[in-house]
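Observations on the three-dimensional arrangement
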Amino acid sequence: MNHEKIWNDILKIRAKAPLIHNITNYVVMHSTANATLAVGASPVMAHAIEEVEEMVAISDALVINIGTLSKSWIDSMTRAIKIANARKIPVILDPVGAGATKLRTQTVRMFLKEYNIAILRGNASEIKSLCDETHKTKGVDSLAKSEDVIDYAKELSKRYNMTVSVSGSVDVILKDQKIIKVYNGVPIMSKVTGMGCMATAITGAFAAINADCFVAAAEAMAVVGIAGEIASQMSRGLGSMEINFLDTLYNINLNDIKERLKIELYDK
Amino acid sequence: MNHEKIWNDILKIRAKAPLIHNITNYVVMHSTANATLAVGASPVMAHAIEEVEEMVAISDALVINIGTLSKSWIDSMTRAIKIANARKIPVILDPVGAGATKLRTQTVRMFLKEYNIAILRGNASEIKSLCDETHKTKGVDSLAKSEDVIDYAKELSKRYNMTVSVSGSVDVILKDQKIIKVYNGVPIMSKVTGMGCMATAITGAFAAINADCFVAAAEAMAVVGIAGEIASQMSRGLGSMEINFLDTLYNINLNDIKERLKIELYDK
Amino acid sequence: MNHEKIWNDILKIRAKAPLIHNITNYVVMHSTANATLAVGASPVMAHAIEEVEEMVAISDALVINIGTLSKSWIDSMTRAIKIANARKIPVILDPVGAGATKLRTQTVRMFLKEYNIAILRGNASEIKSLCDETHKTKGVDSLAKSEDVIDYAKELSKRYNMTVSVSGSVDVILKDQKIIKVYNGVPIMSKVTGMGCMATAITGAFAAINADCFVAAAEAMAVVGIAGEIASQMSRGLGSMEINFLDTLYNINLNDIKERLKIELYDK
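These lines cover the structure that appears in this document, whether it is placed above or below. (Residues numbered from 1 in each chain as written. Chains lettered and ligands numbered in written order. Predicted model: local features only at pLDDT ≥ 70, side-chain atom pairs only at ≥ 80, totals over all residues.)

Mapping chain C onto chain B calls for a rotation angle of 120 degrees and an axial translation of 0.0 Å; the resulting RMSD is 0.0 Å. Accordingly, the operation relating the two chain copies is best matched by a three-fold axis. When C-alpha distances to the rotation axis are compared across chain C, the minimum falls at C:Tyr26, with a value of 3.8 Å. Residue by residue, only 11% of the interface of chain C is reproduced at the interface of chain B, so the copies engage with different surfaces. (Least-squares fit on C-alpha atoms with pLDDT ≥ 70 in both. Contact = placed C-beta atoms within 7 Å.)

Our next topic: the pairing of strand E1 (residues 19-23) of chain C. Residues and elements named next belong to chain C. With respect to burial, E1 is a largely interior element, five of its five residues being buried. Burial along E1 is two-sided: the face carrying Leu19, His21 and Ile23 and the face carrying Ile20 and Asn22 are both buried. Across four bridges, E1 lies against strand E2 (residues 42-45) in parallel orientation. Residue pairing in the sheet places Asn22 in a bridge with Met45 of E2. Running through helix H2 (residues 29-39), the crossover from E1 to the neighbouring parallel element E2 is right-handed. Both E1 and strand E3 (residues 61-65) contribute to a ladder of four bridges, which runs parallel. Its bridge partner being in E3, His21 is matched across the sheet by Leu62. (Buried ≥ 20, exposed ≤ 12 C-beta atoms within 10 Å, placed from the backbone. Helix = DSSP H or I, 4+ residues; strand = E, 2+ residues; numbered from the N terminus. Pairing = 2+ DSSP bridges. Right-handed = clockwise from strand over helix to strand, strands pointing away.)

In this section: the interface of chain A and chain B. Taken together, the contact between chain A and chain B spans 27 residues of the former and 28 residues of the latter. Counting residues per element, the ones that place at least two in the side of chain A that touches chain B are helix H2 (29-39), strand E2 (42-45), helix H3 (52-57) and helix H10 (238-251) of chain A. For the side of chain A that touches chain B, a count of residues per class yields 16 nonpolar, six polar and five charged. (Nonpolar A, V, L, I, M, F, W, Y, C, P; charged D, E, K, R; others polar.)

Turning our eyes to something else, we now look at the interface of chain C and chain B. Frequently, the measure chosen for interface size is the accessible area that the parts lose on association. Between chain C and chain B, the contact holds 27 residues from the first and 27 residues from the second. If you list the elements that add at least two residues to the side of chain C that touches chain B, you get H2, helix H5 (102-114) and helix H10 (238-251) of chain C. Element by element, the count of residues in the side of chain C that touches chain B is highest for H10(C), at four residues. Residue composition of the side of chain C that touches chain B, grouped by class: nine nonpolar, 11 polar and seven charged.

The next point concerns the sheet that holds strand E4 (residues 91-94) of chain A. Backbone hydrogen bonds hold the strands of a sheet together, and the pairing may be parallel or antiparallel. Residues and elements named next belong to chain A. Sheet architecture is open: nine strands sit in the order E2-E1-E3-E4-E5-E6-E7-E8-E9, paired in mixed fashion. The outermost strands of the open sheet, each flanked by one partner alone, are E2 and strand E9 (263-267). Adjacent strand axes in the sheet meet at a mean angle of 15 degrees when their direction is disregarded. Taken together, the four bridges between strand E3 (residues 61-65) and E4 define a ladder with parallel strand orientation. Residue Ile64 lies in a different strand from E4, and its bridge partner there is Leu93. (Axes fitted to C-alpha atoms, helices over the stretch in contact; angles between N-to-C directions.)

By size, the foremost hydrophobic cluster in this structure holds 319 residues, and its most contacted members are A:Leu62, A:Ile202, B:Leu62, B:Ile202, C:Leu62 and C:Ile202. If sequence neighbours within four positions are ignored, B:Ile202 has contacts with B:Ala35, B:Val39, B:Ala220, B:Val223 and B:Val224. (Core = buried A, V, L, I, M, F, W, Y, C linked by C-beta atoms within 7 Å.)

Next up on the list: the environment of A:Leu174. All names here are of chain A. Positionally, Leu174 belongs in strand E7 (residues 171-175). Classification of Leu174 as buried rests on a count of 23 C-beta atoms within 10 Å. Measuring from C-alpha to C-alpha, the distance between Leu174 and Lys154 comes to 7.0 Å, with 20 residues separating the pair along the chain. Setting aside residues no more than four positions away along its own chain, Leu174 makes contact with Ala153, Lys154, Ser157, Val164 and Ile179.

What follows concerns the packing of helix H1 (residues 3-16) of chain B against helix H8 (residues 195-209) of chain B. All names here are of chain B. In the contact formed by H1 and H8, the axes pass within 9 Å of each other and the chain directions differ by 85 degrees. Our classification of the angle between H1 and H8 gives roughly perpendicular. When H1 is examined against H8, the residues Asp9, Lys12, Ile13 and Lys16 are found in contact with a partner set consisting of Ala205, Phe206 and Ile209. (Parallel < 35°, antiparallel > 145°, perpendicular 65-115°, else oblique.)

Most peptide bonds take the trans form, and the phi angle of most residues other than glycine is negative. In this model, B:Lys88 sits at a positive phi of 60 degrees, which is unusual for a non-glycine residue. Looking at where B:Lys88 falls in the secondary structure, it is placed in the loop between helix H4 (71-87) and strand E4 (91-94). Look at C:Asp176: it is not a glycine, yet its phi comes out positive at around 50 degrees. For C:Asp176, the position within the fold is in the loop between strand E7 (171-175) and strand E8 (178-182).

This part takes up the sheet that holds strand E5 (residues 119-123) of chain C. Residues and elements named next belong to chain C. Taken in spatial order, the nine strands of this open sheet run E2-E1-E3-E4-E5-E6-E7-E8-E9, and their pairing is mixed. Looking at which strands have only one partner, the edges of the open sheet turn out to be E2 and strand E9 (263-267). Across the sheet, the mean angle from the axis of one strand to that of its neighbour is 15 degrees, orientation sign disregarded. In this sheet, E8 lies alongside E7 in antiparallel orientation, the contact comprising five bridges. Bridge pairing in E8 links Lys175 to Lys178. In the packing of H2 onto the sheet, contacts are made with E1 and E2, and the angle to E2 comes to roughly 155 degrees. This element, helix H8 (residues 195-209), spans E1, E3, strand E4 (91-94), E5 and strand E6 (163-167) of the sheet and lies at about 160 degrees to E3.

To continue, consider H1(B). Residues and elements named next belong to chain B. In a regular helix each residue adds 1.5 Å, so 14 residues correspond to 20 Å; H1 covers 20 Å between its end C-alpha atoms and thus fits that length. If you check which residues of H1 are buried, you get Ile6, Trp7, Asp9, Ile10 and Ile13. Buried residues of H1, viewed axially, fall in a sector of 160 degrees; they line one side. Facing away from the buried side of H1, by more than 90 degrees, are the exposed residues Glu4 and Ala15. (Expected span 1.5 Å × (residues − 1). Arc of directions from axis to C-beta.)

Remark: a regular strand shows side chains that alternate across the two faces of the sheet. Residue and element names in this part refer to chain A. What you see with E4 is no split at all: Val91 and Leu93 on one side and Ile92 and Asp94 on the other are buried throughout. Handedness of the crossover joining E3 and E4 through helix H4 (residues 71-87) is recorded here as right-handed. Relative to strand E5 (residues 119-123), E4 is paired through two bridges, and the arrangement is parallel. Residue pairing for E5: Leu93 is matched across the bridge by Leu120. The parallel pair E4 and E5, bridged by helix H5 (residues 102-114), forms a crossover whose chirality is right-handed.

Structure (structure tokens):
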């Protein structure tokens with residue numbers, strides 16, 4: 001993975017405009033739809049149990065985000081994941097708030113045990129709480145650092161044979177023996193509501209056009225971090241930060257990625 | 001319909017601030033509320049079956065948008081449409097994603113058959129799929145062009161005695177023997193999530209103060225297109241495009257409309 | 001209450017980042033989450049009856065907003081308020097649209113009668129309609145002025161032993177014999193969807209770190225008004241107004257408050 005590979009995958013997204021089916025939370029539906037469009041993919045939101053099957057059937061990736069979970073949505077998510085597994089399109093799961101309530105933690109564990117999740121994409125507290133019963137999440141905010149939860153992420157990755165992508169001041173993406181650390185990004189990104197959810201939606205876009213989910217997940221976090229860096233330079237606060245992030249993502253080019261990409265690959 | 005007529009109707013909206021009841025999708029609730037306010041009307045969102053009757057009873061138009069449909073919302077939409085028909089206030093229906101799933105296609109057909117819809121406002125794929133069982137919609141994106149579905153729109157308009165307003169690079173609005181084509185607008189508008197839904201909400205505002213729904217629908221699309229053109233000149237991407245669209249709509253004046261309006265009326 | 005007290009409370013919010021549990025309406029979830037983050041607190045949205053108890057248990061304030069109410073949400077709100085009362089964390093209630101439908105008016109009355117609400121925060125029509133059965137609200141817009149409903153607000157405050165905070169061109173906050181009038185703010189604020197809901201969310205942040213809910217409510221309205229004034233000077237319309245409001249709130253400093261604070265305290 002290097003800047004040229006990332007750029008080629010962005011061009012692929014823009015050329016193919018893959019359809020990304022999102023069953024996500026109310027808070028971020030609008031911003032994740034725009035983030036998906038900004039990277040060049042096509043979002044659709046559909047949660048009714050009567051229609052998720054047909055919607056997954058025309059989609060290129062499924063993004064599940066439990067940020068405002070409820071029982072009826074769990075049923076729809078479950079059916080959508082089943083169909084996605086049968087169709088072999090990648091499922092990207094954002095365990096928003098896992099560790100804050102049993103409903104969230106147990107729902108994510110159930111998804112991980114029963115179905116094939118291609119990429120688990122959360123913050124450090126969420127990832128840790130899925131292994132360590134005692135660890136708590138402060139609502140949807142992390143109380144841990146991504147680099148401190150690598151062993152938990154490895155454990156989950158191994159147990160469920162999936163890529164784990166942990167966001168933080170350093171993003172950690174891992175699968176099997178491989179780890180990519182992404183050093184791009186700026187602190188204000190954590191102050192914009194739904195920034196993590198946008199990263200997950202964008203991960204869905206990369207996974208839709210790249211069969212290697214480990215690389216797709218890392219590329220997404222790099223692009224998000226780079227767009228965040230550029231956007232922050234023209235932003236006065238979290239309001240303009242979100243708008244500038246979307247604009248920057250929409251306009252990102254090879255040179256932006258080449259100049260800014262800061263990653264390390266560990267392959268033992 | 002000319003620039004002075006459009007401007008007078010905007011002044012009417014601003015003076016009366018008609019109440020527009022929206023039962024719409026989660027993705028666009030915030031942006032359509034702001035679009036409704038920007039044109040000078042007053043939005044209210046209410047979907048509980050227990051209160052839709054009372055809310056419709058104080059409203060000047062009802063906007064129904066099926067973008068994130070579910071069974072219980074269909075019940076509320078149905079009741080709201082019934083009351084709106086009884087009160088003779090215009091119902092504007094946006095068939096978001098019709099053609100992508102049976103739930104959406106069949107719900108729209110049921111509304112059209114059972115109730116009086118004043119204006120059907122969708123993209124070309126949605127409109128076509130309501131006539132042609134074999135036509136598909138890519139999630140919420142069109143796979144057809146508005147000018148290629150005029151015969152389908154005419155058929156629907158005739159069958160259900162309503163105005164059909166098809167958005168696209170050229171917007172086509174038709175009723176009976178009359179067609180208005182609106183050439184205003186810019187391509188980036190299709191990249192902003194909910195732009196079509198905002199057009200539908202704004203159509204509701206015009207229909208609330210203009211008894212001629214054909215003219216109201218065309219005026220709305222012209223104003224949306226013109227505001228989009230002006231906004232695009234100061235926008236760097238889809239994030240700022242949405243913000244500038246709202247700002248421009250809020251500030252639009254007679255001169256903007258006079259200088260930019262590009263429409264053709266066909267009356268055979 | 002003066003500019004130094006307000007500033008100290010902002011510093012407290014920023015230092016502690018209290019967790020604010022919001023059960024709010026779909027339209028404003030995104031903007032109220034951002035407003036909560038902008039003032040320095042940490043928002044969480046959770047409405048499932050299965051998880052509200054645990055979420056309230058880790059929160060520092062509970063914000064209830066009935067803007068898109070439905071039966072199942074009333075159940076979750078009720079359970080959340082019960083737990084918040086048991087834990088003695090403040091409950092802030094925004095009666096959005098009370099006076100427009102019975103569902104809204106009666107739900108708010110039930111909450112007021114059965115539970116301890118620390119701060120009732122609404123517009124003048126909403127407040128009046130809770131006392132006067134004949135008064136109507138135009139959807140979610142006020143048909144009355146805050147200064148004209150002071151007697152109703154006093155009556156509610158006395159009856160339910162709570163602070164009442166009425167937004168308007170002049171904000172009126174009252175409890176017992178004390179009234180604070182806040183003269184900060186600009187008219188365009190009423191044109192931004194969810195501005196009142198953002199004020200309520202910010203009230204939750206102040207109440208989370210200040211045991212005196214009367215002062216907390218007044219501080220919140222002053223900060224909202226001041227941020228609105230500054231933001232309006234750089235805004236072209238309601239779209240940029242919302243973004244600049246969030247940015248300004250994020251950057252607000254002692255000097256902004258000192259220079260602009262315009263309040264009157266009445267203590268009889």
